[in-house]
There are 2 protein chains.
Amino acid sequence: MLCPDNRTVLTTELPVNISRGYARPVSKPVAKAAQDKPAKDPTVALRLGVDRSSPVPLYFQLAQQLEAAIERGALTPGSLLGNEIELAGRLGLSRPTVRQAIQSLVDKGLLVRRRGVGTQVVHSQVKRPLELSSLFDDLEAAGQRPETRVLRNTVEAASAEVAAALGVGEGDEVQLIERLRLAHGEPMAYLTNHIPGGLLDLDTERLEATGLYRLMRAAGLTLHSARQSVGARAATADEAERLAEPGAGAPLLTMRRTTFDDTGRAVEFGSHVYRASRYSFEFQLLVRP
Amino acid sequence: MLCPDNRTVLTTELPVNISRGYARPVSKPVAKAAQDKPAKDPTVALRLGVDRSSPVPLYFQLAQQLEAAIERGALTPGSLLGNEIELAGRLGLSRPTVRQAIQSLVDKGLLVRRRGVGTQVVHSQVKRPLELSSLFDDLEAAGQRPETRVLRNTVEAASAEVAAALGVGEGDEVQLIERLRLAHGEPMAYLTNHIPGGLLDLDTERLEATGLYRLMRAAGLTLHSARQSVGARAATADEAERLAEPGAGAPLLTMRRTTFDDTGRAVEFGSHVYRASRYSFEFQLLVRP
DNA sequence: CAGTGGTCTAGACCACGCC
DNA sequence: GCGTGGTCTAGACCACTGA
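A quick note: this is a predicted structure, and the numbers were derived from the prediction, not measured. (Residues numbered from 1 in each chain as written. Chains lettered and ligands numbered in written order. Predicted model: local features only at pLDDT ≥ 70, side-chain atom pairs only at ≥ 80, totals over all residues. Heavy atoms only, no water.)

What about the overall build of chain A?
Part 1 of the reasoning: When helices and strands are tallied, chain A shows 8 helices and 10 strands.
Part 2 of the reasoning: Going through the 289 residues of chain A one by one, you find that 51% of them count as buried.
Part 3 of the reasoning: The contacts in chain A between residues at least 6 apart in sequence include a share of 62% that link residues at least 24 apart.
Part 4 of the reasoning: With the model as given, the accessible surface of chain A reaches about 13700 Å², and the carbon-plus-sulfur share is 52%. (Helix = DSSP H or I, 4+ residues; strand = E, 2+ residues; numbered from the N terminus. Buried < 20%, exposed > 50% of the residue type's maximum accessible area, 1.4 Å probe, protein only. Contact = heavy atoms within 4.5 Å. Areas by Shrake-Rupley, 256 points an atom, 1.4 Å probe, with all protein chains shown as cover.)

Observations regarding helix H3 (residues 95–108) of chain A
All names here are of chain A.
Part 1 of the reasoning: The terminal C-alpha atoms of H3, which comprises 14 residues, lie 20 Å apart, in line with the 20 Å expected from a rise of 1.5 Å per residue.
Part 2 of the reasoning: Those residues of H3 hidden inside the fold are in contact with helix H1 (58–71), helix H2 (84–91), strand E2 (111–114), strand E3 (118–121) and strand E10 (279–286).
Part 3 of the reasoning: Backbone geometry just downstream of H3 places Gly109 in the positive-phi region, at approximately 90°. (Expected span 1.5 Å × (residues − 1).)

Quick word on the nonpolar core
Part 1 of the reasoning: Judged by nonpolar contacts, the single largest core of 32 residues is most densely connected at Tyr274(A) and Tyr274(B).
Part 2 of the reasoning: Sequence-distant contacts of Tyr274(A), defined by excluding residues within four places in its chain, comprise Leu135(A), Met188(A), Ala189(A), Leu191(A), Leu252(A), Leu253(A), Met255(A), Tyr279(A) and Phe281(A). (Core = buried A, V, L, I, M, F, W, Y, C linked by side-chain atoms within 4.5 Å.)

Overview of the domain arrangement of chain A
Many descriptions give the size of an interface as the accessible area lost when the pieces come together.
Part 1 of the reasoning: Domain annotation for chain A reports domain 1 (49–121) and domain 2 (135–275).
Part 2 of the reasoning: Of note, the centres of domain 1 of chain A and domain 2 of chain A, computed from C-alpha atoms alone, are 40 Å apart. (Domains from an automatic or database assignment.)

Considerations on the packing of aromatic side chains
Aromatic ring pairs are reported here in terms of the distance separating the ring centres and the angle at which the planes meet.
Residue and element names in this part refer to chain A.
Part 1 of the reasoning: Applying the stated criterion to the full structure yields 7 aromatic pairs over all chains.
Part 2 of the reasoning: Taking 5.6 Å as the distance between ring centres and 75° as the angle between the ring planes, the aromatic pair formed by Tyr274 and Tyr279 counts as edge-to-face. With respect to class, Tyr274 is no different from Tyr279; both count as buried.
Part 3 of the reasoning: Measuring from ring centre to ring centre gives 5.3 Å for Tyr274 and Phe281, while their planes differ by 85°; the resulting arrangement is edge-to-face. Residues Tyr274 and Phe281 agree in their burial class; the two are buried.
Part 4 of the reasoning: The positively charged end of Arg242 is found above the aromatic ring belonging to Tyr190, 4.0 Å away from the centroid. (Phe/Tyr/Trp six-rings, centres within 6.5 Å; stacked < 30°, edge-to-face > 60°. Lys NZ or Arg CZ within 6 Å of the ring centre and 35° of its normal.)

Brief notes about the pattern of salt bridges
Part 1 of the reasoning: As enumerated under the stated definition, the model contains 35 salt bridges over all chains in all.
Part 2 of the reasoning: Residue Arg275(B) is joined to Glu186(B) by a salt bridge in which the shortest nitrogen-to-oxygen separation is 3.5 Å. You can see Arg275(B) sitting in strand E9 (residues 266–275) and its partner Glu186(B) sitting in strand E6 (residues 186–196), a full 89 residues away along the chain.
Part 3 of the reasoning: Overall, Arg275(B) belongs to the buried group, its relative accessible area being 5%.
Part 4 of the reasoning: Between Arg278(B) and Glu186(B) there is a salt bridge, and its shortest N-O distance comes to 3.5 Å. With Arg278(B) in the loop between E9 and strand E10 (279–286) and Glu186(B) in strand E6, this residue pair connects regions lying 92 residues apart in the sequence.
Part 5 of the reasoning: Among the residues examined, Glu186(B) registers a relative accessible area of 30% and is labelled partly exposed.
Part 6 of the reasoning: What emerges from the salt-bridge pattern is a single network uniting Glu84(A), Arg95(A), Arg99(A) and Arg113(A). (Salt bridge = Lys/Arg side-chain N within 4 Å of Asp/Glu carboxyl O.)

Structural notes on the packing of H1(A) against H3(A)
Residues and elements named next belong to chain A.
Part 1 of the reasoning: Here H1 crosses H3 at 50°, and the two axes come no closer than 8 Å. Here H1 lies oblique to H3, going by the angle between them. Of the two possible hands of crossing, H1 and H3 adopt the one that is right-handed. Note on element contacts: H3 touches H1 through Thr97, Val98, Gln100, Ala101, Ser104, Leu105 and Lys108, opposite Leu58, Tyr59, Leu62, Ala63, Leu66 and Glu67.
Part 2 of the reasoning: Split into classes, the residues belonging to the contact of H1 with H3 amount to 8 nonpolar, 3 polar and 2 charged. (Axes fitted to C-alpha atoms, helices over the stretch in contact; angles between N-to-C directions. Parallel < 35°, antiparallel > 145°, perpendicular 65-115°, else oblique. Left-handed = near helix turned anticlockwise from the far one by under 90°. Nonpolar A, V, L, I, M, F, W, Y, C, P; charged D, E, K, R; others polar.)

Some words on H2(A)
Residues and elements named next belong to chain A.
Part 1 of the reasoning: Within H2 the residues assigned to the buried category are Glu84, Leu87, Ala88, Arg90 and Leu91. The buried residues of H2 occupy an angular sector of 165° when projected down its axis, which confines them to one face.
Part 2 of the reasoning: Taking the backbone nitrogen of Ile85 as reference, a side-chain oxygen 3.0 Å away marks Asn83 as the first, capping residue of H2.
Part 3 of the reasoning: One or two positions beyond H2, positive phi appears at Gly92, with a value near 70°. (Arc of directions from axis to C-beta. Polar contact = N/O pair within 3.5 Å; in protein donor to acceptor, adjacent residues only side chain to side chain.)

Side note on unusual backbone geometry
Residues and elements named next belong to chain B.
Part 1 of the reasoning: Backbone geometry places His184, a non-glycine residue, at a positive phi of 50°.
Part 2 of the reasoning: With a phi angle near 60°, Ala244 is a residue other than glycine that sits in the positive phi range.
Part 3 of the reasoning: Tracing the chain through its elements places Ala244 in the loop between helix H8 (237–242) and strand E8 (251–261).

Things to note about the environment of Tyr59(B)
Residues and elements named next belong to chain B.
Part 1 of the reasoning: Mapped onto the fold, Tyr59 is located in helix H1 (residues 58–71).
Part 2 of the reasoning: Tyr59 gets classed as partly exposed once you look at its relative accessible area, which sits at 25%.
Part 3 of the reasoning: Distance from Tyr59 to Glu147, taken between C-alpha atoms, is 40 Å for residues 88 residues apart in sequence.

Digging into the confidence of the model for chain A
Low-pLDDT stretches of the model should not have their predicted coordinates read in fine detail.
Part 1 of the reasoning: Of all residues in chain A, 81% have pLDDT values of 70 or greater, and the mean over the chain is 80.
Part 2 of the reasoning: Within the model, pLDDT remains below 50 along residues 1–39 of chain A, and this stretch shows 68 contacts once partners closer than five positions in the same chain are excluded. (pLDDT = per-residue confidence, 0-100.)

Section: the environment of Glu84(A)
All names here are of chain A.
Part 1 of the reasoning: Considering the arrangement of structural elements, one finds Glu84 in helix H2.
Part 2 of the reasoning: Sequence separation of Glu84 and Val98 is 14 residues, and the distance between their C-alpha atoms is 6.7 Å.
Part 3 of the reasoning: Setting aside residues no more than four positions away along its own chain, Glu84 makes contact with Arg95, Val98, Arg99, Ile102 and Arg113.
Part 4 of the reasoning: At a separation of 3.0 Å, a polar atom in the side chain of Glu84 contacts the side chain of Arg95.
Part 5 of the reasoning: Only 3.2 Å separates the side chain of Glu84 from the side chain of Arg99, close enough to count as a polar contact.

Some thoughts on the packing of H2(A) against H3(A)
Residues and elements named next belong to chain A.
Part 1 of the reasoning: Running from amino to carboxyl end, H2 crosses H3 at an angle of 110°, the nearest separation of the two axes being 9 Å. Overall, the two elements H2 and H3 adopt an arrangement that is roughly perpendicular. Here H2 contributes Glu84, Ile85, Leu87 and Ala88 to the contact with H3, which in turn contributes Arg95, Val98, Arg99 and Ile102.
Part 2 of the reasoning: Taken together, the residues of the contact of H2 with H3 sort by class into 5 nonpolar, no polar and 3 charged.

Quick look at the side chain of Glu268(B)
All names here are of chain B.
Part 1 of the reasoning: Tracing the chain through its elements places Glu268 in strand E9.
Part 2 of the reasoning: Lacking a salt bridge, the buried Glu268 has Arg257 as its closest oppositely charged neighbour, with an N-O distance of 4.9 Å.
Part 3 of the reasoning: In terms of polar contacts, Glu268 uses its side chain to reach the side chain of Thr259, at 2.6 Å.
Part 4 of the reasoning: Within the local environment of Glu268, its side chain forms a polar contact with the backbone nitrogen of Gly270, the two atoms lying 3.5 Å apart.
Part 5 of the reasoning: In this structure, Glu268 is in contact with Leu166, Asn193, His194, Ile195, Pro196, Leu212, Tyr213, Met216, Arg257, Thr258 and Thr259, ignoring residues within four places of it in sequence. (Lys, Arg positive; Asp, Glu negative; His and termini not counted.)

Okay, structure coming up:
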């Protein structure tokens, strides 16, 4: 994704929400589709329908279909969805199941509910909130042909700062990785990561082929949350040279992030600098209702 | 909140999640509290209990109590909550209601569920995700005694850029506000905002007393989402002077944000610069499970 | 006043993780 | 196997909105 001024914009989006389900016997093909109502709500013309033999949860199937309808414009912004009870009856589902589907789209910011009014499609412009992102994946998704040069990949004793960030003892073994990230052959960012010792088997080869988060997930870690801080500062002479900026003093965008897995353990501490002339962070926020 | 290096950090937190409820007749004081189980789960000693005469929803009451218990340390990180069915029985609630309470805390990142294992308290460090934030509120919460100087407050014709961001016609009337924000008497940021004409009655006096978002909410607008972009660049000579930075070229943190209300209408477009020597953005991310 | 979403109940069966 | 959360049903009453 390119900005008007040719800077790379990071719109972060990750493959989450993997459908999980369970097999269910093909039971009760409930289908007393009441077409006796004139119904001006747009979902009637939408050939919605769930597959009860699929392992994908019913609410999830419905949510996917509604989302697809919104994305392809079949459900236009501002249009009312029609009430939950009637929709449930038409699909042969119970109301709680339909509510669960709708709620998941409300959480994504695609729908808005108003008591006494109905459920409406939000007037677009809203996409999804920021996810835990990988620069590599972001660049790849944007068609920027990312490239990684691993400049250091060693085991060190944790400094006080790193130990505090990772929640390990000072002097404990941590893996240190320094990488230069390029897109279209040009330097974009200088990435420094610290990872608790023994957590991951990181060989330089795999690090150059993909992103760190992908390696972590592949190793069975469940990434859960991250605390991050974004700022700016002037480049040192060294940094300017590494990043091919004209000289010391060039503005850099900085990001420090600690990532935690689902047990609350810190799995990574990163301290990165980006060329401000080429990068910005872009994301959406949703206000919790 | 102050950084080690004395820069102001923006931890954004807004008062959302206003409790809404409805009155319910004081019915069925179901209380067959089974204490026949030894139960090593920590919630038994937690004097949990809901007030059925309260207008606050039962699931919300339970969620609040659990959250409070986590915050004061009565539920320690990693501890198991005890299964949902038993908990429901003990509280005289149905399982779906208990699940709704637990789910809301999972969404906040305070709890983690594992099938076949149970529900655990996350190992702290995790706070809440970024909310739609007001610099004024953030500074005030951090005890920084914020001050605002309104430098411009006029009505103008929308430029092409502003018109595109706000979704109005080029040349339409928009309100333009330029403000200098100070903390402890020192310049922190220069804020430029555009607001669709006629949306809000903004007098300079009120703008100097509080933040823009607070005024918007007070005017009955329901803020729903925002799209924002954070970057960095070098200051112009003018900007450096306004912000009391030593001179042109000083690194600035930039933020552009368009805010939407719950009908999807753009209600504000802001283009702000912050002194990188004094500011950074700090926030948490949660990975959607 | 009619229609909507918000909340709640008391059951049920299933998939997954661990022993 | 056993216990956990994940999903689903078929009802019910209430509060809010707008005509």
